[in-house]
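# An overview of the molecular structure
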Amino acid sequence: MSEAPKDEGAYAHAHDDTNTIYSVAEEKNKKFLQFIEEVTANADEVQKRVLAEILSRNAHVECLKRHGLNGQTDRETFKKIMPVTTYEDIQPDVNRIANGDKSHIICSQPISEFLTSSGTSGGERKLMPTTEEELERRSLLYNLLMPVMSQFVPGLERGKGMYFVFIKSEVKTPGGLVAHPVLTSYYKSSHFKNRSFDPYTNYTSPNETILCPDSYQSMYSQMLCGLCLNKEVLRVGAVFASGFIRAIRFLEKHWSLLCNDIRTGTLNPQITDPSVREAVMKILKPDPQLAEFIEGECGMESWQGIITRLWPNTKYIDVIVTGTMSQYIPTLDYYSNGLPLVCTRYASSECFLGVNLNPLCKPSEVSYTLIPTVGYFEFLPVDRNNGVTNCISMPKSLNGKEKQELVDLADVKLGQEYELVVTTYAGLYRYRVGDVLRVAGFKNKAPQFNFICRKNVVLSIDTDKTDEVELQNAVKNAVSHLVPFDARVTDYTSYADTTTIPGHYVLFWELSLNGSTPIPPSVFEDCCLAVEESLNSVYRQGRVSDKSIGPLEIKIVEAGTFDKLMDHALSLGASINQYKTPRCVKFAPIVELLNSRVKASYSSPKCPKWVAGHKKWNINVK
Ligand code: AMP
């Protein structure tokens, strides 16, 4: 079996008979779990077959011919001939496709759209080509999540999921292809919109509320429906932890308006989208008792446990808290009184990657089993310098020896860290995803990986990923505002402050002041804005459109602070010769040390520029 089972119409004959529905669910779950057993037991064979299938289907595509693969489909030849690639390597092909070249450049199937990755290149989101078939594959893999979950939390088919999910703006390439984020692609597709009845995709949010492009209307209507159906909710979530916290924050601001709607059974006039209004009005009924209950809970001074108070049957929170999202765990624990935080999946724009087969484990122990049918996986061993920044320095292109070091899925070693390299059905060949994973164990013959970090990323609040080089450039641009005052930044570091909601970037600056004119606060505010203007489009979108990132803050620290930081590192055993100021700090005592020496702090007075649907197209196609 090389694909996840199809299950369309499994409930077609169940009608409204709940007992039949539950037994169909049980049968279906078994089928999916059996699939996982089989593909993990035969991980290596499946991988071999997947690669051969990808290469034989695409034997005549330009990109494989260019390297002289000549239709060969075996692993050895593929590994010998094909280079390991980064986005910069594939960008010329991506640009040709974006500009309308329909020849078979990377894939024998037509490229149906681009998925915009939150990883950036030159400040813009990366474009990942995809196909109709790949979208279908992804949709089938989403079906694996609930059967796994149901083994640990029975009865989930008897209630609803309250998920706060949203679509984002899309752009059209010059050649007419749509480019949008992967989940937007899924929610807008018929796989989601026209899904047949399934108790596991029974959500409190009507499709229309998810598909509403206006973020306020979408959030408001989803929250309202979630509140109206509060007793039926068995699980709550969002994609990433940051998104779920944003929803709670929204409730903090708007509960009184929401309660008003519930009391009267009428909908806030700010919800103007007719399809959203119609969908919500099917759920909203005057319910003064419920309104009073919600007001009572939300009006209390403490919001500790608000999730379990308002949605009393909730069994877990389904959000990703691995990687940089782990910074939100304490906040989620507070709001949920310690409900299990469940990370179900690991996925990217390149392809769906893996599933957590032990979803009730502690967040720090989460591991993902890569599904061997998704694509062909290789692993580049990583030696991380254990710096505070989690930054990994790796060559952009690999030499022959390093290329040979890439190991197959079935050959990874327990405890070793690797960078993930994928070959997909949609035409990525030996592509470096940029994630670092550690082997935590095995499911049958398939490895299970802890997500360690995103290569090079130092700061992240939501889906933004800022690396050291971008940060450096942004600071460089900002300090030009200090030149007229004969002031310089002698050293700096940064911190992702998630104690505020939304979280925000903090820069600690130590200054050398030679001029006699005091620097007015407005100049530092201009510096804040200049940093933000220099950061990538995902960051700016988070600030402007999603409001998932708060205004950037610059904290001026006393002279000598960075010496103290070095003393601290030396006291912990760092070598004086090798000491480098970390460009990002995470360790609480260091953040405390910096904060204890802050003389003044300034925040961005307004949002940086970001335009929906804007993308600079590189039309200089070679
Ligand atoms: P995107 O291409 O924008 O969908 O982002 C995909 C990236 O998000 C992955 O390459 C990871 O870096 C990150 N990501 C996705 N799922 C997880 C997860 N479960 N845990 C940690 N990071 C994740």
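Residues numbered from 1 in each chain as written. Predicted model: local features only at pLDDT ≥ 70, side-chain atom pairs only at ≥ 80, totals over all residues. Heavy atoms only, no water.

Naming follows an unreviewed UniProt entry, where the protein chain appears as Indole-3-acetic acid-amido synthetase GH3.6-like isoform X1 of Coffea arabica. Taken from UniProt, the Sequence similarities (unreviewed entry) comment for the protein chain reads in full: "Belongs to the IAA-amido conjugating enzyme family." (UniProt positions renumbered as here; feature names shortened; annotations may be inferred.)

## What to know about the state of the cysteines
If you walk through the whole model with that rule in mind, you get zero disulfides. Between C225, a cysteine without a disulfide, and C228, which holds the nearest cysteine sulfur, the sulfur-to-sulfur distance is 6.3 Å. Judged by its relative accessible area of 19%, C228 is buried. (Disulfide = S-S within 2.5 Å. Buried < 20%, exposed > 50% of the residue type's maximum accessible area, 1.4 Å probe, protein only.)

## So, the site of the ligand
Residues in contact with the ligand amount to 16 residues; listed here are only the nearest, S118, T322, S349, Y368 and D435. Contact between the ligand and S117: an oxygen atom at 3.5 Å from a side-chain N or O atom of the residue. Contact distances for the ligand include 2.6 Å between a nitrogen atom and a side-chain N or O atom of T322. Counting only elements with at least two residues in the shell around the ligand, the list comes to β1 (113–121), β9 (345–347), β15 (431–443) and β16 (446–454). Among the elements that line the shell around the ligand, the one with the most residues is β9, at three residues. (Near = heavy atom within 4 Å. Polar contact = N/O pair within 3.5 Å; in protein donor to acceptor, adjacent residues only side chain to side chain. Helix = DSSP H or I, 4+ residues; strand = E, 2+ residues; numbered from the N terminus.)

## Topic: the domain arrangement of the protein chain
Under the domain assignment used here, the protein chain contains domain 1 (154–171 + 200–314), domain 2 (364–386 + 402–454) and domain 3 (457–603). With centres defined by C-alpha atoms, the gap from domain 1 to domain 2 works out at 37 Å. (Domains from an automatic or database assignment.)

## Digging into the pairing of strand β19 (residues 487–497)
Counting buried positions along β19 gives nine out of eleven residues, so the element sits mostly inside the fold. By the bridge criterion, ten bridges tie β19 to strand β20 (residues 504–513) in an arrangement that is antiparallel. Residue pairing in the sheet places Y495 in a bridge with V506 of β20. With antiparallel pairing between neighbouring strands as the criterion, β19 and β20 make up a hairpin whose turn holds six residues. (Pairing = 2+ DSSP bridges.)

## Digging into the pattern of salt bridges
Two side chains bearing opposite charge may form a pair once their charged atoms approach each other closely. Using the criterion set out here, one finds 31 salt bridges in the structure. A salt bridge links R57 to E133; its shortest N-O distance comes to 2.8 Å. Here E133 lies in helix α6 (residues 132–142) and R57 lies in helix α2 (residues 43–57), a separation of 76 residues in the sequence. With a relative accessible area of 30%, R57 lands in the partly exposed category. Of the residues examined, E133 reaches a relative accessible area of 22% and is grouped as partly exposed. Measuring nitrogen to oxygen at the nearest pair gives 3.1 Å for the salt bridge that ties R137 to E133. On the criterion of helical spacing, the pair formed by R137 and E133 is a turn pair, its members being four residues apart in helix α6. Given the relative accessible area of 5%, R137 is considered buried. A single network of salt bridges, built from pairs that share partners, joins D44, R75, K79, E378, D408 and R430. (Salt bridge = Lys/Arg side-chain N within 4 Å of Asp/Glu carboxyl O.)

## A word on the packing of helix α12 (residues 241–264) against helix α16 (residues 329–336)
Where α12 meets α16, the axes come as close as 10 Å, and the angle between the chain directions of the two elements is 45 degrees. Viewed along their axes, α12 and α16 adopt a mutual orientation that is oblique. The element α12 and its partner α16 pack so that their crossing is left-handed. Only T331, L332 and Y335 of α16 make contact with α12, whose side of the interface consists of A241, F244, I245, I248 and E252. (Axes fitted to C-alpha atoms, helices over the stretch in contact; angles between N-to-C directions. Parallel < 35°, antiparallel > 145°, perpendicular 65-115°, else oblique. Left-handed = near helix turned anticlockwise from the far one by under 90°. Contact = heavy atoms within 4.5 Å.)

## Digging into the sheet that holds strand β6 (residues 233–240)
If you walk across this open sheet you meet the four strands as β3-β6-β7-β8, and the pairing is parallel. Each end of this open sheet is capped by a strand with a single partner; those strands are β3 (160–163) and β8 (341–342). Two elements, β3 and β6, share four bridges in a ladder whose sense is parallel. Bridge pairing links G161 to R235 in β6.

## Re unusual backbone geometry
Residues I501 and P502 are joined by a peptide bond in cis, for which omega reads -5 degrees. Position of P502 among the secondary structure elements: in the loop between β19 and β20.

## Observations regarding the sheet that holds strand β10 (residues 352–355)
The eight strands are arranged β9-β10-β11-β16-β15-β14-β12-β13 in an open sheet whose pairing can be described as antiparallel. Edge positions in the sheet fall to β9 and β13 (407–408), since each of these pairs with one other strand and no more. Relative to strand β11 (residues 368–370), β10 runs antiparallel, the two sharing two bridges. Counted as the bridge partner of G354 is L370 from β11. Contacts between α2 and the sheet are confined to β12 (376–381), β14 (417–423) and β16, with β12 contributing the most and set at about 110 degrees to the helix.

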